[in-house]
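Spelled out from the first residue to the last, the chains are:
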Amino acid sequence: MRLDKLLAHCGFGTRKEVKDIIKKGYVSVNNQIVKKDKTQVDPTKDEIKVDDEKVVYEEFVYYMLNKPAGYVSATEDALYPTVVELIGDYYRDDLFPVGRLDIDTEGLLILTNDGILAHQLLSPKNHCPKKYYAKIKGIVNENDIKIFFDGVIIDNDYKCQSAYLKILSSDIENSEVEIIIYEGKFHQIKKMFKAVGKEVIYLKRICMKNLALDDTLTLGSYRRLTSEELDRLKDKSVLQ
Ligand code: URA
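Worth saying up front: this structure is predicted, and the values here are computed from it rather than measured. (Residues numbered from 1 in each chain as written. Predicted model: local features only at pLDDT ≥ 70, side-chain atom pairs only at ≥ 80, totals over all residues. Heavy atoms only, no water.)

## As for the site of the ligand
Part 1 of the reasoning: Neighbouring the ligand are L101, D102, T105, Y132, H187, Q188, I189, K190 and L203.
Part 2 of the reasoning: Between the ligand and H187 there is a distance of 3.3 Å, counted from an oxygen atom to a backbone nitrogen or oxygen.
Part 3 of the reasoning: In this structure, an oxygen atom belonging to the ligand sits 3.4 Å away from a main-chain N or O atom of Q188.
Part 4 of the reasoning: Burial of the ligand by the surrounding chains reaches 96%, relative to a free accessible area of 240 Å².
Part 5 of the reasoning: The biggest single contributor to the shell around the ligand is helix α5 (residues 188-195), with 3 residues.
Part 6 of the reasoning: Shared between two domains, the shell around the ligand takes at least three residues from each, and those domains are domain 2 (62-124 + 211-234) and domain 3 (129-208). (Near = heavy atom within 4 Å. Polar contact = N/O pair within 3.5 Å; in protein donor to acceptor, adjacent residues only side chain to side chain. Areas by Shrake-Rupley, 256 points an atom, 1.4 Å probe, with all protein chains shown as cover. Helix = DSSP H or I, 4+ residues; strand = E, 2+ residues; numbered from the N terminus. Domains from an automatic or database assignment.)

## Observations concerning the nonpolar core
Here is a general trend for soluble globular proteins: nonpolar side chains tend to be buried in one another's company.
Part 1 of the reasoning: Judged by nonpolar contacts, the single largest core of 31 residues is most densely connected at L95, L111, F148, I179, I189, M192 and F193.
Part 2 of the reasoning: Elements represented by at least two residues in this core include exactly β5 (62-67), β7 (106-112), β8 (130-137), β12 (174-181), α5 and β13 (199-208).
Part 3 of the reasoning: Looking at this core, you find at least three residues from each of domain 2 (62-124 + 211-234) and domain 3 (129-208).
Part 4 of the reasoning: Here F193 is in contact with I136, V140, F148, L165, V177, I179, K198 and V200, once residues within four sequence places are set aside.
Part 5 of the reasoning: If you look at the next biggest cluster of nonpolar residues, it comprises 16 residues, including L121, C128, M208 and L213. (Core = buried A, V, L, I, M, F, W, Y, C linked by side-chain atoms within 4.5 Å. Buried < 20%, exposed > 50% of the residue type's maximum accessible area, 1.4 Å probe, protein only. Contact = heavy atoms within 4.5 Å.)

## Re the environment of Q32
Part 1 of the reasoning: When you line up the elements, Q32 lands in strand β2 (residues 32-33).
Part 2 of the reasoning: Along the chain, Q32 and N210 lie 178 residues apart, while their C-alpha atoms are 46 Å from each other.

## Remarks on the packing of helix α3 (residues 115-122) against helix α6 (residues 227-234)
Part 1 of the reasoning: Following both chains from N to C, one finds α3 and α6 inclined at 55°, their axes separated by 10 Å at the closest point. The angle between α3 and α6 places the two elements in the oblique class. Contact residues: α3 offers L117, Q120 and L121, while α6 offers L230, L233 and K234.
Part 2 of the reasoning: Here the residues of the contact of α3 with α6 are counted per class, giving 4 nonpolar, 1 polar and 1 charged. (Axes fitted to C-alpha atoms, helices over the stretch in contact; angles between N-to-C directions. Parallel < 35°, antiparallel > 145°, perpendicular 65-115°, else oblique. Nonpolar A, V, L, I, M, F, W, Y, C, P; charged D, E, K, R; others polar.)

## A look at the sheet that holds strand β4 (residues 53-54)
Part 1 of the reasoning: Ordered by their spatial adjacency, 4 strands build an open sheet running β2-β1-β3-β4, and the pairing between neighbours is antiparallel. Each edge of the open sheet is held by one strand with a lone partner, namely β2 and β4.
Part 2 of the reasoning: Bridge analysis of strand β1 (residues 27-29) against β2 gives 2 bridges, and the strand direction is antiparallel. The residue bridging S28 from the neighbouring strand is I33, located in β2. (Pairing = 2+ DSSP bridges.)

## Here's the deal with the pattern of salt bridges
Part 1 of the reasoning: Counted under the stated rule, the structure contains 18 salt bridges.
Part 2 of the reasoning: Measuring nitrogen to oxygen at the nearest pair gives 3.6 Å for the salt bridge that ties K45 to D42.
Part 3 of the reasoning: R223 is the partner of D214 in a salt bridge, and the nearest nitrogen-oxygen pair spans 2.7 Å.
Part 4 of the reasoning: Overall, D214 belongs to the buried group, its relative accessible area being 18%. (Salt bridge = Lys/Arg side-chain N within 4 Å of Asp/Glu carboxyl O.)

## Structural notes on unusual backbone geometry
Part 1 of the reasoning: Phi angles above zero are rare outside glycine, and D52 is one such case at about 75°.
Part 2 of the reasoning: Mapping D52 onto the fold places it in the loop between β3 (48-50) and β4.
Part 3 of the reasoning: Although it is not a glycine, D155 sits at a positive phi angle of roughly 50°.
Part 4 of the reasoning: With respect to the secondary-structure elements, D155 resides in the loop between β9 (153-154) and β10 (158-159).

See below:
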């Protein structure tokens, strides 16, 4: 890859700033100063230094974000801030969210530049479980548990896959529930509750496959996935 692109990806500045650093002779490749920003380098083989600091390149990165309401799960948006803008120490332009949470939904969102992992987690044929905590206007009851398990109908004629609903608490006005779904249709959980005459008033994703939201992450904060979490997430033999 081009030397200026590599340095920008590794956080040494914007493309324009790194071109300047290179031109001024601060950058060496295999102990030779290079002044051409177009120089082709192989970050897995070449030793690249900026002012004696070794450049460490990672091909793939993985973050866990506690998404706040008000951010769209996209890389660009004309109206609202996007979830990638919350990742402050990331300098590359290839980061994207794995799937979508609605603008008003909070909780676990994985951001990566690894398209293969994203595909594995999102492909409907892999039935990746996603667990949510929700507050519902109305009394959720045993009948709803059965309807969700049997497959609730949304969008007039779409029968959802079996979903697991657990009632945490219920009073005259609101209920608190946990729900596990194995697909990711647009507004799916809101539509499922609407189908049984109820309204979701708060929604938060707490688990995806076998990865739980780190409850020390405050809304809007994020951290890298540990290698153990990543191994579990990539493990094709495990679903939950
Ligand atoms: N279901 C929804 O309705 N919204 C989300 O953000 C996720 C699942």
